[in-house]
Amino acid sequence: MGIFTRDSFNSLDDLLVHELKDLYDAEQQLTTALPKMADRAKNPTLRKAFQSHLQQTEKHVQRLESVFEHRGLEPERETCSAMAGLIKEGDVILDADGDSDVIDAALIATAQRVEHYEIAAYGTARCFAHHLNDEYAAELLGQTLDEEKATDQQLTKIAEGAVNPSTTGSRR
Ligand SMILES: [Fe+2]
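Residues numbered from 1 in each chain as written. Predicted model: local features only at pLDDT ≥ 70, side-chain atom pairs only at ≥ 80, totals over all residues. Heavy atoms only, no water.

Visitor: Mind showing me how you'd approach the coordination of the iron ion here?
Guide: Ideal geometry at a metal gives 109.5 degrees between four tetrahedral donors and either 90 or 180 degrees between six octahedral ones. Protein-derived coordination of the iron ion comes from E27 (OE), E27 (OE), H60 (ND1) and E148 (OE), at a distance range of 2.0 to 2.5 Å. For the iron ion, the 4 donor atoms in the first shell make angles of 54 to 140° at the metal, a pattern classed as irregular. Spacing between the donor residues of the iron ion along their common chain follows E-x32-H-x87-E. A residue pair is termed long-range when its members are at least 10 positions apart, and E27 in helix α1 (residues 12-40) and E148 in helix α5 (residues 135-168) qualify at 121 residues. The burial state of E27 is the same as that of E148; both residues are buried. (Donors = N, O, S within 2.8 Å, 3.2 Å for Na, K, Ca; no water. Tetrahedral: all angles 85-135°; square planar, octahedral: opposite > 155°, others 65-115°. Helix = DSSP H or I, 4+ residues; strand = E, 2+ residues; numbered from the N terminus. Buried < 20%, exposed > 50% of the residue type's maximum accessible area, 1.4 Å probe, protein only.)

Set out below in structure tokens:
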């Protein structure tokens, strides 16, 4: 939301556009954060997961551009303060010293917070698009939603299978 201008919400269409601009900014913030997270990850599976999610995230940006275009709008960013906050919290981990397995676990915790935020935002945006009978937008937003969910599940698997057991001493 702009500092000097007040947004106006009078229709579901206004809300959808607001969500799209917010997501467009959030995804671009992520394209800057994910390479740093990949570099910091020690576990090779985790590093690869961050790298492949970066590629997906670039696709998510393009899908949002297609949705803007489909709705006759120029793609526009609106600062996503929530994503900025999540990334800021993640920066504490990136700058931290410590055991690399514990750092990996912390990176996963950060990434899953990001995924859950995106899942909520894409779920909402897709729902708005459905209500507006914009099935093209709903389809594209749904594709991204599915990829965010899959990433979240993959991170859980990595955490349970490789990273967290060693930090809790439960690995045999
Ligand atoms: Fe995404």
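From this point, things continue past the structure.
Visitor: Please explain the packing of α1 against helix α3 (residues 81-94) as it appears in this structure.
Guide: Remark: α1 packs on α3, axes separated minimally by 11 Å, with the N-to-C direction vectors making an angle of 15°. As judged from the angle between their axes, α1 and α3 are roughly parallel. Here the hand of the crossing between α1 and α3 comes out left-handed. The residues of α3 that touch α1, namely those facing A26, Q29, L30, A33, K36, M37 and R40, are M83, A84, I87, I93 and L94. Here the residues of the contact of α1 with α3 are counted per class, giving 9 nonpolar, 1 polar and 2 charged. (Axes fitted to C-alpha atoms, helices over the stretch in contact; angles between N-to-C directions. Parallel < 35°, antiparallel > 145°, perpendicular 65-115°, else oblique. Left-handed = near helix turned anticlockwise from the far one by under 90°. Contact = heavy atoms within 4.5 Å. Nonpolar A, V, L, I, M, F, W, Y, C, P; charged D, E, K, R; others polar.)

Visitor: Where do I start with α1 in this structure?
Guide: In an α-helix, one full turn covers 3.6 residues, which means residues spaced three or four apart are oriented alike. Between its terminal C-alpha atoms α1 stretches 41 Å, which fits the 42 Å expected from 29 residues at 1.5 Å a residue. T32 marks the point of greatest bend in α1, at about 30°, and the proline P35 comes within the next four residues. (Expected span 1.5 Å × (residues − 1). Bend = angle between axes of the 7 residues up to and from the residue.)

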